[in-house]
Every structure is written in C-alpha cells, then in structure tokens.
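Structural features, examined
The primary structure of each chain is shown beneath.
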Amino acid sequence: MAIYAFDILWQPAWGNLSAGHLFAGVTAIYIAYLSFGRRKKVNSLYNEPPMVPYKWPFFGHAFEFEECGVRFLDQCREKYGSTFNIYMFGQTTTVIGTDLAAEALKASDSQLSVHDAANDEIHEHPDIVTMMRAIPDDIAASIVAYEMFPIKWLARLMLPNTAAIDRHYQTIEKLIVPEIHRRRRASTRNDNVHPVDVLQFLINFCDKSGKSYTLNELPGKLMYFIHTLTENVSFSALHFLYDVAGRPEIRARLYREQQKVVAKHGTAFTIEALSDMQYMDACMRETLRMHVHALGTVRKARRMHTFSNGLSVPAGRRCMLHTQATNFNPEVYDSPSEYMPDRHLGKPGVHSTAIGPAYLIFGLGRHACPGRYYATAQMKMFVAWLLRRYDLTTRSGGRPENKTQNGLYSPVEEPIVFTLRHT
Ligand code: HEM
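With an unreviewed UniProt entry as reference, the protein is termed Cytochrome P450, source organism Thamnocephalis sphaerospora. Word for word, the UniProt comment on the protein under Cofactor (unreviewed entry) is "heme".

A count of helices and strands for the protein gives 17 helices and 13 strands. For the protein, the residues scored as buried account for 35% of the 423 residues in total. In the protein, the share of contacts with a sequence separation of at least 24, taken over all contacts with a separation of at least 6, comes to 69%.

Taken as a class, soluble globular proteins show a tendency for nonpolar side chains to be buried jointly. Counting residues in hydrophobic clusters, the biggest one holds 54 residues, and the most contacted among them are Ile96 and Ala104. Excluding its chain neighbours within four sequence positions, the residues that come into contact with Ala104 are Ile96, Leu112, Arg299, Cys319 and Leu321.

Inspection of the region around the ligand gives 17 residues, with Asn232, Gly363, His367, Cys369 and Gly371 positioned closest. Among the elements of the structure, α12 (217-245) and α17 (372-389) are those that each provide at least two residues to the shell around the ligand. By residue number, the principal contributor to the shell around the ligand is α12, which donates five residues. Residue composition of the shell around the ligand, by class: 10 nonpolar, seven polar and no charged.

Inspection of the secondary structure assignment puts Arg389 in helix α17. Using a count of 12 C-beta atoms within 10 Å as the deciding quantity, one classes Arg389 as exposed. Expressed as a C-alpha distance, the spacing of Arg389 and Arg421, which sit 32 residues apart in the sequence, is 5.5 Å. Contact partners of Arg389, with chain neighbours within four places excluded, come to Leu420 and Arg421.

We now examine the UniProt feature "binding site: heme" (unreviewed entry) in the protein. The positions UniProt marks with the feature "binding site: heme" (unreviewed entry) are Cys369. In this structure, Cys369 sits in the loop between α16 (323-327) and α17. Here Cys369 falls in the partly exposed class, since 17 other C-beta atoms lie within 10 Å of it. When residues no more than four places from it in sequence are discounted, the contact partners of Cys369 are Phe362 and Gly363.

The next subject is the environment of Val332. Secondary-structure assignment places Val332 in the loop between α16 and α17. Owing to 16 C-beta atoms within 10 Å, Val332 belongs among the partly exposed residues under this scheme. For the pair Val332 and Ala358, spaced 26 residues apart in sequence, the C-alpha separation works out to 7.2 Å.

Right, let's get into unusual backbone geometry. Positioned with a positive phi, Phe89 is a non-glycine residue whose angle comes to about 50°. Position of Phe89 among the secondary structure elements: in the loop between β3 (84-88) and β4 (91-96). At Ser335, a position not held by glycine, the phi torsion is positive, near 40°. Within the fold, Ser335 resides in the loop between α16 and α17.

To continue, consider the packing of helix α13 (residues 248-265) against helix α15 (residues 278-290). Helix-helix packing: each pair is described by the crossing angle between the helix axes and the interaxial distance. Viewed as axis vectors pointing N to C, α13 and α15 meet at an angle of 140°, and their least axial separation amounts to 8 Å. One way to sum up the angle between α13 and α15 is to call them oblique. Residues Ile250, Arg253, Leu254 and Glu257 of α13 touch α15, and the partners they reach there are Tyr279, Met280 and Cys283.

The next subject is α15. Its 13 residues place the ends of α15 18 Å apart at the C-alpha level, agreeing with the 18 Å of an ideal helix rising 1.5 Å per residue. The element α15 is extensively covered by neighbouring structure, given that 11 of its 13 residues are classed as buried. By the burial criterion, the buried members of α15 are Met280, Asp281, Ala282, Cys283, Met284, Arg285, Glu286, Thr287, Leu288, Arg289 and Met290.

The strand order β3-β4-β9-β6-β5 describes an open sheet built from five strands, whose pairing is mixed. The open sheet has two edge strands with one neighbour each: β3 and β5 (112-113). Direction of pairing for strand β6 (residues 298-301) relative to strand β9 (residues 318-321): antiparallel, over a ladder of three bridges. Counterpart to Arg299 in the pairing with β9 is Cys319. Sheet strands touched by helix α3 (residues 62-80): β3 and β4. Its angle to β3, the strand with the most contacts, is close to 160°.

On to the pairing of β3. The buried fraction of β3 amounts to five of the five residues, a majority that puts the element mostly inside the structure. Burial of β3 is two-sided: the residues Phe84, Ile86 and Met88 facing one way and the residues Asn85 and Tyr87 facing the other way are all buried. Sheet topology note: the β3/β4 ladder contains five bridges and is antiparallel. Paired with Tyr87 across the two strands is Thr92, which belongs to β4.

Those residues of helix α4 (residues 98-106) that sit buried are Thr98, Leu100, Ala101, Ala104 and Leu105. Buried positions in α4, seen along its axis, are confined to an arc of 140° and lie on one side of it. Those residues of α4 hidden inside the fold are in contact with β4, β5, β6, β9 and α16.

What counts as what
- Residues numbered from 1 in each chain as written.
- Predicted model: local features only at pLDDT ≥ 70, side-chain atom pairs only at ≥ 80, totals over all residues.
- UniProt positions renumbered as here; feature names shortened; annotations may be inferred.
- Helix = DSSP H or I, 4+ residues; strand = E, 2+ residues; numbered from the N terminus.
- Buried ≥ 20, exposed ≤ 12 C-beta atoms within 10 Å, placed from the backbone.
- Contact = placed C-beta atoms within 7 Å.
- Core = buried A, V, L, I, M, F, W, Y, C linked by C-beta atoms within 7 Å.
- Near = placed C-beta within 6 Å.
- Nonpolar A, V, L, I, M, F, W, Y, C, P; charged D, E, K, R; others polar.
- Axes fitted to C-alpha atoms, helices over the stretch in contact; angles between N-to-C directions.
- Parallel < 35°, antiparallel > 145°, perpendicular 65-115°, else oblique.
- Expected span 1.5 Å × (residues − 1).
- Pairing = 2+ DSSP bridges.
- Arc of directions from axis to C-beta.

Structure below.
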C-alpha cells in the first residue's frame, strides 16, 4: 500500500512533472531561501552578536551540535565571546552568555517574550508534549534541534526522533478529548462532583480576562504539566542519585545527617526535618548547578532588542541561554567542574531554591520557576528515603560520566547497586 502511494506521487501529472517533483522543488527553493536569503539581510542591519561560521547550507551547525552540543557551545564561546549566533535548519538562534543572561531573563515580555517563545516551544506543541511523556529518550535526541527547526512538518520528516511524535499524540488525544467532553457534559448535572485532578484544574482554569483553554489547547497544556512534574524532576533526581551513589564520602556524610534528622524528628518528612537536612540541600544545589542542559531557557524578541553591551537582536529572533556556561562561571565558582557541596554550606541565603545570576537552573526574574520548592523537597525526600534504607553505590564505584546529545545531558546508563541496611 505504501509503495503504491509512493508510485502515485512520482507519476507525471503536468507534462513530465509529478506531484513528487513539485513537492521536492518547492522544498528545495524554501530551504535555499532559508539558507542564503535571510542570513545576509539580518546580519547587516544590526550590531548582531558574531555568527559562528558554518559550512552546510540550511543545516548549518546541526551536525556539530548533534555530535556534542556541550563541547560545540564551549568552543564557540572561547572563539567568539560569551554571546554569539548559531545557525541550524535555516534559522539563526542567539546564544545568550553569562554576562547577559540575567539581563535577558529580566527583560520585559514586550521586549524578550517568554510567551512568544512558548508558542513555538517544544513543550507547547502537542505532538512533542506527548513525546516527552512517552519517550523521554527522544527528547534528549531531538528537543533542541526541533526547537530550532523553523518548519515543524519538515522537522518531523527529517529528524528521526520526532517522527514518532504524531502517533503518540493521536493516542493521547483519543484518551483525553473524550474525557474532557464527558466531564463537561457531567458538569451540567446538579449532582455532579468534580474530580480533583490536574485535568479538572485545567478545564476550570480562566485567565485574568475570563478566557479558558480551548479543547485544542487542553491536551497540550495537560502534557506540559505532566512533563514539568515528572520529566524535569526525575531528570534532576536521577543525577542527584548518581552524584550520591558515585561518591562514597558524600554518601556517608549524607547518611550521618539522616541519622541525626531521624533521631531529632522521627521518620516523617516534616518541613522542620527537611530544613535540618542542610548538607543534603548543599548537595542538591551542587547537583542542580552542574547537571543543567547546555542551552536553557528560551525567549523570542518581540522587537529589536539592544543589550547593555551594545549587541542587539532583531525582532523575531529566538534567544536561548547558555545556562551551563553561567552555572560553571569560574569567576563565581572555584574549580567549577568539581562536585563540591561544601562551597554552598554556611552561606546565608544560599540554598537549593535560591535563584541568582550564577545559578540559572530555575530561571530568574518574573518567570522563575514557582515549582522549585516543591521539586527540591520531592527530590530530597526521595534520596533521604533511599539512604535511610539502602547503601547505594554505582557498579564502577565512581560517578559515571554524563552522555550528551544535542547539548542536553541524557541519563547515564550505569546501574546503581542498592544494598539493604540492617541497622
Ligand atoms: C527540577 C525541576 C524543575 C526545573 C529544573 C524547572 C525549571 C524551570 C525553569 C528554568 C523555568 C523558567 C522558564 C523561563 O523563564 O522561561 C521554569 C518555569 C516554570 N516552572 Fe519549573 N522547573 C522544575 C520543576 C517544576 C515543577 C515541579 C513545577 C510545578 C509544580 C514547575 C512549574 C513551573 C511553571 C508553572 C513555570 C512557568 C513560570 C512563568 O512562566 O511565570 N516547575 N521552571
């Protein structure tokens, strides 16, 4: 059947031309336009950050980024300064460096908009949202590339990891949309009792002007919530577990702290017990500082925006923060690549949720993550619970290296060995 459809595509329809020829031609012209046409115009008009040279039309830096995004961005920073432009899939992205990161995050939404960025953003796209839920490995392999790809349908054709997305989304839609209809029908009955869950919260949600989410928006919004609540937290918790399991002296110190906390507060995870886990909190902050994606938070320029150092970006430009460079700033952190929780201990106001220009894991400014208190408490409880019951180590005994894909840190694969404590 598929072969039959393919044959039809290439059968002459207009003289010698087939639908397939026409499609290939239009795509090629569009790609050429994206590759050569737009690039020159943009760079000559503004005092733009330097463009990192590339040799592949349209694909630009995609291959270098795919090979090792973390290394690629570090090399760009060394050569072109902290803020620079990269080019992938016909689109320029400004990578905002350490010196401008706080400024970018604090800029008003009318200048650098989080909402406009979110309109194209991967977690807002229902297909991608579903992918995040169903196949977390694919996120690491495709999120940044998809984010930068200007034509989403072409991205799905060309990026293998995003190709499965449509199928997943259809499945989710089949499950969620009928449930929304069912609940809306039920809500007209007098005896109806609303379920207390995230879906109901989203169905009832209204913004300040009284507008609620449309039926088309709801599945995507739900998936965003699920993603935020699970993927972000599980990603960081996994790194935390490896950081603890792979470092015997840190593990032993954390266990001693747990023994003291249990002796004082009992086994319940009360707010008082959690706030007495100060070494745990310092470890958590160190994990969050170090295991951050190379490219983080996204903004889109609503109009031409000029930074305090004179560099400017044109309206419509996608800007992404070089979060990792900021969190590893050697002017702020001695030996930034070393896992040193003690660097945070005993400093007033420095704890895992305290955001600042050198700690961007939760963003900064008015859009900083409101879920960070919940997320860190959840991760602390998770690791404390495990430590109280098990001694954990990695198979090699050390902290395994992270894998990087597309500038994202994907989970390491070395097993963690759990040994039940008998005390
Ligand atoms: C380790 C886990 C988490 C990390 C690393 C994280 C990271 C972030 C970051 C960097 C932002 C800022 C985005 C921007 O400026 O564009 C953000 C925003 C946000 N986060 Fe989180 N987050 C986490 C967990 C959570 C949880 C558990 C929730 C919900 C309970 C949550 C809810 C939100 C919301 C609603 C926003 C949007 C705030 C706004 O735009 O005003 N996050 N998060």
